[in-house]
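So the chains spell out like this:
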Amino acid sequence: MNLPTVKQLRYFVALESTEHFGKAAEACFVSQSAFSTAIRELETTLEVQLVDRTNKNVTVTHIGRQIASEARRCLRDMENLVELARSNQLPLTGELRVGIIPTIAPFLLPKVLPPLRQKFQQLRLFLTEDITQRVHEKLMNGELDLIIIALPYALRNVEVHSLFQDRFLLACREDTQHTRPRRYIFDELNPESILLLEDGHCLRDHALSACHLQDMDKVSRFTASSLLTLVQMVDSDLGISYLPEMVKDSTLLTGTNVKLWPLPDANYREIGLAWRRGSAREAEFMQLGKFIRSVWEGVSSQ
């Protein structure tokens, strides 16, 4: 009996997720022609049509959806097999695929990666940056081993290990027309004065929750797709915002007139690791978390 290859299953899962040959091939780091050939070979092996092809669209068939679901289970089982084998190796050696969200990556990684590479020289780290929902999906599909995220966030079938708290700070120009930074009074804000990231970024929800923003009339209908854009909007005094403390010593505010001010209450998000429940590499991930925490505490105390 001819069986599908792991590569073919990975390609088809990517195609089922994107419903686009070009995007799926790009996600799999392969040419579109090689990708299309692999999908046709998979259809030949299974003796079933997985997708309907037209000039512009790709539609996954009903049986294709079912096979994609089973393919994900197969890939997870293969990942578990590899994890079991790696559990007998030295910890933090070999390949580790880590997902990280964009409101953490540019601030945590420059501090953590140099000492991590120095201490664990046989570790090969592959990083993927994306929003929480998508790195979680990739984790559960077996595309990632571990994710670095901000909590709280509703995650299914994962173990979570907290690293440290990241306080929120008020971000605004010192001469802002929207509030008095040194005596921040929320009730004095004008309507639509608070600028936030767009839906899909957990930092938006964390800011709303941690800073007790219940009056949504204060929140602007204009949003930013990135922290860089958000800071530029604040620098133009289109409003004020809340930024995590880890941006304080970064280059994000360089060249702007944006200042950061402490808030009266202890408002923060939690930075943590998450991995698939039951992973054979749990002890290894805990060791990595302990190392990241120690590095960050050392940097923060300087």
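Here the structure is a predicted model, which is why all the values come from computation and not from measurement. Per chain, residue numbering runs from 1 following the sequence as it is written. Whole-chain, interface and lining totals are the exception, using all residues; otherwise, since this is a predicted model, local features are given only for residues with pLDDT of at least 70 and side-chain atom pairs are given and counted only at 80 or more. Heavy atoms throughout the structure, all of them, feed into the side-chain values; hydrogens and water do not.

**Observations concerning the overall build of the chain**
The line we're drawing: In DSSP terms, a helix is any run of H or I states spanning at least four residues, a strand is any run of E spanning at least two, and both are numbered starting from the N terminus. Relative accessible area decides the class of each residue, using a 1.4 Å probe on protein chains only: under 20% of the type maximum gives buried, over 50% gives exposed, and in between gives partly exposed. Every residue pair with non-hydrogen atoms within 4.5 Å of one another is taken to be in contact. To measure how exposed things are, a 1.4 Å probe is used in the Shrake-Rupley method; for residues, cover is taken only from the protein chains shown.
Of the regular secondary structure elements, the chain holds nine helices and 11 strands. Over its C-alpha atoms, taken along the principal directions, the chain stretches across nearly 75 × 50 × 30 Å. Looking at the 302 residues of the chain, the share that counts as buried comes to 47%. When contacts within the chain are restricted to residue pairs at least 6 apart in sequence, those whose partners lie at least 24 apart make up 74%. For the chain, the exposed surface amounts to about 16,100 Å²; the carbon and sulfur share of it is 49%.

**A closer look at the pairing of strand E6 (residues 158-173)**
Where we set the bar: Two strands qualify as a pair provided DSSP detects at least 2 bridges between them.
The sheet contact formed by E6 and strand E11 (residues 268-276) spans nine bridges and is antiparallel. Its bridge partner being in E11, Asp166 is matched across the sheet by Arg269. By the bridge criterion, five bridges tie E6 to strand E10 (residues 258-262) in an arrangement that is antiparallel. Directly across from Leu169, in E10, lies its bridge partner Pro262.

**Section: the packing of helix H1 (residues 6-18) against helix H3 (residues 32-46)**
Put simply, the rule reads: Only the contacting stretch of a helix is used when fitting its axis, a line to C-alpha atoms as for every element, and angles between N-to-C directions run 0 to 180 degrees. Reported orientations rely on four angle classes, namely roughly parallel under 35 degrees, roughly antiparallel over 145, roughly perpendicular from 65 to 115, and oblique for the rest. Three classes are used: nonpolar for Ala, Val, Leu, Ile, Met, Phe, Trp, Tyr, Cys and Pro, charged for Asp, Glu, Lys and Arg, and polar for all others, with Gly counted as polar.
Two elements in contact, H1 and H3, have axes separated by 9 Å at closest approach and are oriented at 105°. When the interaxial angle is binned, H1 and H3 end up roughly perpendicular. Touching Gln8, Leu9, Tyr11, Phe12 and Leu15 of H1 are Phe35, Ala38, Ile39, Glu41 and Leu42, all from H3. Residue classes in the contact of H1 with H3 are distributed as eight nonpolar, one polar and one charged.

**A look at unusual backbone geometry**
Going from Leu151 to Pro152, the amide bond is cis rather than trans, its omega being 5°. In this model, Glu47 sits at a positive phi of 55°, which is unusual for a non-glycine residue. One can find Glu47 in the loop between H3 and strand E1 (51-53). Given a relative accessible area of 74%, Glu47 falls into the exposed group. The phi dihedral of Asp237 is positive, around 55°, even though this residue is not glycine. Positionally, Asp237 belongs in the loop between helix H8 (227-235) and strand E9 (241-244).

**Remarks on the packing of aromatic side chains**
Short version of the rule: Two aromatic rings, drawn from Phe, Tyr or Trp (for Trp, its six-membered ring), form a pair once their centres lie within 6.5 Å of each other, and the interplanar angle then sorts them: stacked below 30 degrees, edge-to-face above 60, tilted otherwise. The criterion is that NZ of a Lys, or CZ of an Arg, lies within 6 Å of the ring centre and within 35 degrees of the ring normal, and then a charge sits over that ring.
Under the criterion given, the structure shown has five aromatic pairs. Feature note: the residues Tyr11, Phe21 and Phe35 constitute an aromatic cluster, connected by ring pairs. Lys119 extends its terminal NZ or CZ atom over the ring of Phe120, reaching a point 5.6 Å from the ring centre.

**Description of the nonpolar core**
Quick reminder of the rule: For our purposes a nonpolar core is just a set of buried Ala, Val, Leu, Ile, Met, Phe, Trp, Tyr and Cys residues, chained together by side-chain atoms within 4.5 Å.
If you look at the biggest cluster of nonpolar residues, it comprises 71 residues, and the most contacted ones within it are Ile104, Ile148 and Tyr242. Residue contacts for Ile104: discarding those within four places in its chain leaves Ile148, Ile149, Ala150, Met246, Arg269 and Ile271.

**Some details on the side chain of Gln8**
For Gln8, the location among the structural elements is in helix H1. Overall, Gln8 belongs to the buried group, its relative accessible area being 7%. Apart from residues lying up to four places away in sequence, Gln8 is in contact with Ala38, Glu41 and Leu42.

**Here we look at helix H9 (residues 282-300)**
Counted only if it meets this: Here the expected span of a helix is defined as 1.5 Å times the quantity of residues minus one.
With 19 residues, H9 should cover 27 Å at 1.5 Å per step; its first-to-last C-alpha distance of 27 Å lies within 8% of that length. Looking at the buried side of H9, the elements it contacts are strand E3 (94-100), helix H5 (105-119), strand E5 (146-151), E6 and E11.

**As for the pattern of salt bridges**
The cut-off we apply is this: Criterion for a salt bridge: a side-chain nitrogen of Lys or Arg within 4 Å of a carboxyl oxygen of Asp or Glu.
All told, the structure shown has 19 salt bridges when counted by the stated rule. Close ionic contact of Glu19 with Arg65 constitutes a salt bridge, the shortest N to O distance being 2.2 Å. Taken together, the positions of Glu19 in the loop between H1 and helix H2 (21-27) and Arg65 in helix H4 (residues 62-86) put the pair 46 residues apart, joining distant regions of the chain. Judged by relative accessible area, which is 33%, Arg65 ranks as partly exposed. With a shortest N-O distance of 2.9 Å, Arg134 and Asp130 are connected by a salt bridge. Overall, the relative accessible area of 40% leaves Arg134 in the partly exposed class. Using a relative accessible area of 14% as the deciding quantity, one classes Asp130 as buried. Taken together, the salt bridges that share partners define one network made up of Glu95, Arg97, Asp145, Arg281 and Glu284.

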